[in-house]
Amino acid sequence: GDVPEYKDGGETDPIEDFNIQAFKDGIFEMESLSDSIPDPYLAQNPTSSALGKYQHLWKLHGKSIQEQTGLTKEEYLNNPEAQEAFMDYWVETSLKPEAERLRKARPKMSEKYSDEELMALVHFQGLPNAKDFLKTGKTANANNNVPVKTYLQTFNTGYEKSVSVKNKLEQMET
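Below or above, wherever it landed, is the structure these notes cover. All values derive from a computational prediction rather than experimental measurement.

**Considerations on the overall build of the protein chain**
In terms of helices and strands, the protein chain carries 7 helices and 2 strands. Its C-alpha atoms give the protein chain a radius of gyration of 16 Å, within 12% of the compact-globule value 16 Å for 174 residues. Taken over 174 residues, the protein chain has a buried fraction of 41%. Considering only residue pairs separated by 6 or more positions, the protein chain has 58% of its internal contacts joining residues 24 or more positions apart.

**Thoughts on the side chain of Glu29**
Relative to the helices and strands, Glu29 resides in helix H1 (residues 20–31). Engagement of the side chain of Glu29 in a polar contact is seen with the side chain of Lys161, the distance being 3.1 Å. If we ignore the near neighbours within four places in the chain, the residues touching Glu29 are Thr154, Thr157, Gly158 and Lys161.

**Overview of helix H2 (residues 58–69)**
The terminal C-alpha atoms of H2 lie 13 Å apart, and with 12 residues this falls more than 12% below the ideal 16 Å at 1.5 Å per residue. Every buried residue belonging to H2 is among Trp58, His61, Gly62 and Ile65, and all of these are buried. The buried residues of H2 occupy an angular sector of 135° when projected down its axis, which confines them to one face. Counted as exposed and oriented over 90 degrees from the buried face of H2: Leu60, Lys63 and Glu67. In the core, the buried residues of H2 are packed alongside strand S1 (50–51), strand S2 (56–57), helix H3 (73–77) and helix H4 (80–105). One or two positions beyond H2, positive phi appears at Gly70, with a value near 75°.

**What to know about the packing of aromatic side chains**
Evaluation of the coordinates by the stated rule reveals 9 aromatic pairs. Considering the side-chain rings of Tyr76 and Phe86, the 6.4 Å spacing of their centres and the 90° angle between planes classify their relative orientation as edge-to-face. Residue Tyr76 is found in helix H3, and its partner Phe86 is found in helix H4; the two are separated by 10 residues along the sequence. An angle of 15° between the planes, with centres 4.0 Å apart, marks the rings of Phe124 and Tyr151 as stacked. A residue pair is termed long-range when its members are at least 10 positions apart, and Phe124 in helix H5 (residues 115–125) and Tyr151 in helix H7 (residues 148–173) qualify at 27 residues. This pair shows no difference in class: Phe124 is buried, exactly as Tyr151 is.

The rules we used
- Residues numbered from 1 in each chain as written.
- Predicted model: local features only at pLDDT ≥ 70, side-chain atom pairs only at ≥ 80, totals over all residues.
- Heavy atoms only, no water.
- Helix = DSSP H or I, 4+ residues; strand = E, 2+ residues; numbered from the N terminus.
- Rg over C-alpha atoms; globule rule 2.2 N^0.38 Å.
- Buried < 20%, exposed > 50% of the residue type's maximum accessible area, 1.4 Å probe, protein only.
- Contact = heavy atoms within 4.5 Å.
- Polar contact = N/O pair within 3.5 Å; in protein donor to acceptor, adjacent residues only side chain to side chain.
- Expected span 1.5 Å × (residues − 1).
- Arc of directions from axis to C-beta.
- Phe/Tyr/Trp six-rings, centres within 6.5 Å; stacked < 30°, edge-to-face > 60°.

Have a look at this one:
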């Protein structure tokens, strides 16, 4: 992606001009797109509390999910609309601001990553571990997780597929 331009004082520009559907498609590509998962909304990770299409950790985000949706864990798993709505909320209230903070905390080390990649990194590793990754190149919880590099490559595949489909549809309309 493009190298971001910094305003004076190391401030980062807010993330704008953002394709949320392509971002969500990238996360889906990595988290729950699989022949062995017939319905990604029902996906549950056997080794963690991650669940649903976007594999939010229930232990970490369950309270927030319940506050936003009014649903129990089982109801949430069986409600695609609620999962999409929570992911939209999560992107705006957590991933965007945390990616901006990440870029501010590690301006040099984050240069080679797009805003979307930093957001995906935060979704995957959490903000403290994302900062560590930019500093050390090490994936947190590596025994249970794919390497960050693999995660971001797969995310980018889903993201690019989504963008190219959108572009083709727009060309057909003109």
